[in-house]
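Understanding the architecture of this molecule
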Amino acid sequence: MYILAWVFVLIALIGVSSYFRIKLFNATLAVAVWMLIGTSADIVGTVSWLVFLALAIPLNSPSIRKQYLSKPALNLYRKIMPEMSSTERDAIDAGTVWWDGEIFSGNPNWNNLHAIPEARLSPEEQAFLDGPVETVCSMVNDWDVTHRRTDLPPEVWQYLKDNKFFAMIIKKEYGGLDFSAYAQSRVLQKLSGVSSVLSSTVGVPNSLGPGELLQHYGTEAQKQHYLPALAKGDAIPCFALTSPEAGSDAGAIPDLGVVCKGQWNGEEIIGMKLTFNKRYITLAPVATVVGLAFKMVDPDGLLGDKKDIGITCALIPSDTEGLDIGNRHFPLNVPFQNGPVRGKDIFVPLDYIIGGPEMAGHGWRMLVECLSVGRCITLPSNSTGGVKTIALATGAYARIRRQFKLPIAKMEGIEEMLGHIGGNAYMMDAITRFATKGVDLGEKPSVISAIAKYHTTEKMRQAVTNAMDIHGGKGVMLGPNNYLGRGYQGAPIAITVEGANILTRNMMIYGQGALRCHPYVLKEMQASANPDESQALEEFDNVLFGHVGFAISNFARSFWFGWGGSHLVGTPFNDQTKGYYQSMTKFSSNLALLSDLCMAVLGGELKRKERISARLGDILSYLFIGSTILKRFDDEGRKSDDAPMMHWAMQDSLYRAETAMVDLLDNFPIKAMGMVLKVMIMPFGRRHKKPSDILEHKIAHILQTPCEARNRLGEGQYLTDHENNPFGQLETALKDILNAEPIFDRVCKAAGEKLPFTQLNLVADKGLELGVINEKEADLLRKTEEERLRVINVDDFDPAELLADKSKKTEKASSKAA
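Figured I'd write up the structure that's included with this text. (Residues numbered from 1 in each chain as written. Predicted model: local features only at pLDDT ≥ 70, side-chain atom pairs only at ≥ 80, totals over all residues. Heavy atoms only, no water.)

**Observations concerning the packing of helix H15 (residues 363–400) against helix H16 (residues 412–440)**
Our working definition: Working convention: axes come from line fits to C-alpha atoms, limited for helices to the stretch in contact. Angles between N-to-C directions cover 0 to 180 degrees. Secondary structure counts use DSSP, requiring at least four H or I residues in a row for a helix and at least two E residues in a row for a strand, with both numbered from the N terminus. Roughly parallel refers to an angle under 35 degrees, roughly antiparallel to one over 145, roughly perpendicular to one between 65 and 115, and oblique to any angle outside these ranges. Handedness of each helix crossing follows the sense of rotation of the near helix against the far helix: counterclockwise by less than a right angle gives left-handed, clockwise gives right-handed. All residues other than Ala, Val, Leu, Ile, Met, Phe, Trp, Tyr, Cys, Pro, Asp, Glu, Lys and Arg, Gly among them, are scored as polar; the first ten of these are nonpolar and the last four charged.
Running from N to C, H15 and H16 cross one another at 150°; their axes reach a closest spacing of 8 Å. Of the possible angle classes, the one that applies to H15 and H16 is roughly antiparallel. Once H15 is placed against H16, the crossing between them reads as left-handed. Within the contact of H15 with H16, the residues separate by chemical class into 14 nonpolar, 7 polar and 2 charged.

Structure below.
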């Protein structure tokens, strides 16, 4: 009995040391003391001491450890780890680690999360949203843009240029607005609630493109030449990266720039002969300057001994001889300017390289660094803004539209979808607020940007589908009164661009996250690649045994959390959110443990086991998303009115993280190990459920009832009642419907019958006849009837109006022939 008790305390001592990550020497000393106590009680004998010393001495003696443990491990590591390509290395080295590193730590410090300042607009940024952004929103009729013009009107283009919409990222010294990433996000959110063509047109020049690249890498001459013109709108930029043969695998672009001699302005100079074929290039048809990515080669050694220089970025004026630009693609009836860019043997000087000749070959690093910033802003913001507006519009529509003598919003099937839309809108806005704040703090969060891009665009696609289901035929019949159809058609665009979502989920999120965010893996790779053997061994020894201790700690923590629960985990708030912090701490330890085991079992093969990688990425993603939700809830004052949306978003995130973990363990590379891990991590089965019906009922009520929580959900969107804005008209109609209902009920009571909530103009006449309402109330009923009909009606067209305009095609063909 005494022996069992002693062994139990020994195991507990090791477990507690591992859980709290006590230093190896201190933990060894504690075990030694307990061994001495066991010896005095005749429990520990010579054999036990020999085993203890055989482990303790090498582990605590650096020279012995390096020679007999670390050196063989380093040699083995070099054999099993595949060599990293230069493009992979650039992608890993680019960007920074921020809160994503804390998630990977196995023990996030939640106080650090809440110490991050809240994202806020400056007075200048707020004035821009209230002024020029509000004005341009009123100028755009999306049906006119997408159906009649397939472009923004000329006056809108001019307004965007005059008010520096294309210069939000450009510094003031060059004439730009120099807005924060958060402000850019709020501008795009507001624009996307009006027209995705408008938001895309504004978003691209402020994302990955010449402006961003020039400010970071351009020569002073290039900055002075291009940036003021870009700021004033005199120059329109595009950036050509994607090729027919290289989409998601952008590093494999076949486009070439061959260093050679040629004539330029009457002189022979060393330049580049460019041959390229690009497609899907936003703003290309109207661009005046083309950013171009290509592989640069120097076959004749004109620049030095290196023949394969690598991916390079250059700026090519659109009037350059031989540049084929101007045709358009037609992206799913959301006709933002997008098209191909081609060129064959175009000779340009080396000065066209962004940053000058010394930046030749550094293009891939430039691109991945800037893309990690742009990916945090443009697509997440466009998706979030669209869903915020759709959430309010769908709630209003469901409250106005009646079937079976009641608003359809009262039906449980509709409530379920409204709950999903509202919960996701709250979640998506939390993601964009936090991610853009990271950019404003100077981070280049490559992992976070991939998470934000993937999850906001996927949730946008689902939200639009849910909204279409609620609207029924209203959403199907295109026309000026349909505010959903183009968003539904265009949803795959966001899924596809800036890294296809299949690639992003299966390869990028965890592929980068495991290396960048793990506290030891990247350091191990760097140490093993060190050509100085002595230094390599020294570095590898340090990180290897740090990694071992980290893995043992996460094993102990995962075991304790699985069997003992996470109820003793400290949290920053002892309220309704406490359990969420505790669950995420548990999942953080689980993620760290499972990552180490998957890397140990699969080694370099992990990046080819895409479904394993995707599930680990899902866990990482939903821990990040949950962090942003808790951060938003706190930043906004922990308001009880917002609690249903916070709870829905948190419960959905934890449910999905746990689902990914279950799927991972069920498909673990070594099945027996997966079964053992499942018993250890979740011995009592799943603990997290989908959000409840009650929560979704509460969210549905928020969406269909004007209130402070609803206002916060739709904060910043264009909701002005204007002839071009069906969303503003819906808001007015919702308020009038709610004000008219008590008047309607009074007339019904006086008439002694339950009248249908239709033909409210006749109800007004009856109410006046019965003497139970006044003229002002009758006018409200009549106005409400007009608004109600406008909300539920759809458009129809003369058949000739739906035919393509062949005359314009004929005119264009004739002009080209001439």
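That was the structure; now back to the text.
**A short note on the nonpolar core**
Filter applied, for reference: Residues grouped as a nonpolar core are buried Ala, Val, Leu, Ile, Met, Phe, Trp, Tyr and Cys residues, joined through side-chain atoms within 4.5 Å. Here the term buried applies to any residue with accessible area under 20% of the maximum for its type, exposed to any over 50%, and partly exposed to those in between, with areas from a 1.4 Å probe on protein chains only. Here, two residues are considered to be in contact whenever any of their heavy atoms come within 4.5 Å of each other.
Ranked by internal contacts, the top residues of the largest apolar core, which has 185 residues, are Leu160, Phe165, Leu274, Met296, Leu594, Phe624 and Ile629. With sequence-adjacent residues up to four places away left out, leucine 274 is seen in contact with Leu256, Gly257, Leu292, Phe294, Ile316, Gly343, Lys344, Asp345, Ile346 and Val348. Of all hydrophobic cores here, the second largest spans 32 residues; its members include Tyr217, Ala250, Ala293 and Val368.

**A few points about the environment of leucine 802**
Looking at the element boundaries, leucine 802 is found in the loop between helix H31 (775–792) and helix H32 (806–817). The exposure class assigned to leucine 802 is exposed, which follows from its relative accessible area of 52%. Distance in space between the C-alpha atoms of leucine 802 and histidine 147 is 9.5 Å, their sequence separation being 655 residues.

**Structural notes on a nonpolar patch on the surface**
Our working definition: Residues with no salt bridge and a relative accessible area higher than 30% make up the patches, which join like charges within 9 Å and nonpolar side chains (Val, Leu, Ile, Met, Phe, Trp, Tyr) within 5 Å. All accessibility values rest on the Shrake-Rupley procedure with a 1.4 Å probe; residue burial counts only the protein chains present in the view. Just to be clear on terms, a salt bridge is a Lys or Arg side-chain nitrogen sitting within 4 Å of an Asp or Glu carboxyl oxygen.
Together, Leu53, Ile57, Ile64, Tyr68 and Leu69 make up a nonpolar patch on the protein surface, roughly 460 Å² of accessible area in all. Going through the elements one at a time, helix H3 (46–60) and helix H4 (62–80) are the ones with two or more residues in the nonpolar patch. Here the element with the most residues in the nonpolar patch is H4; it accounts for 3 residues. Inspection of the secondary structure assignment puts leucine 69 in helix H4. According to the relative accessible area criterion, leucine 69 is partly exposed, its value standing at 36%.

**Examining H4**
In plain terms, the rule: Two axes define the bend at a residue: one fitted to the seven residues ending there, one fitted to the seven starting there, and the bend is the angle between them.
The largest bend along H4 measures about 40° and falls at serine 70, with the proline proline 72 one to four residues further on. Contact partners of the buried residues in H4: H3, helix H21 (521–528) and helix H22 (533–564).

**Thoughts on the packing of aromatic side chains**
So the rule is basically this: For Phe, Tyr and Trp, where Trp contributes only its six-membered ring, two rings pair if their centres lie within 6.5 Å, and the inter-plane angle classes them as stacked under 30 degrees, edge-to-face over 60, or tilted in between. Note on geometry: a ring has a charge over it if NZ (lysine) or CZ (arginine) is within 6 Å of the ring centre and within 35 degrees of the ring normal.
Tallying each qualifying case throughout the model produces 21 aromatic pairs. Members of the aromatic cluster, connected to one another through ring pairs, are Trp99, Trp110, Phe573 and Tyr581. In this structure, arginine 638 packs its charged tip against the face of phenylalanine 573, placed 3.6 Å from the ring centre.

**Here we look at H3**
Going by this rule: Working rule for helices: expected span equals 1.5 Å times residues minus one.
Under the 1.5 Å per step criterion, the end-to-end length of H3 is 21 Å for 15 residues, consistent within 8% with the ideal 21 Å. When H3 is considered as a whole, its buried residues turn out to be Phe52, Ala56 and Pro58. For H3, the secondary structure elements touched by its buried residues are helix H2 (24–40) and H4.

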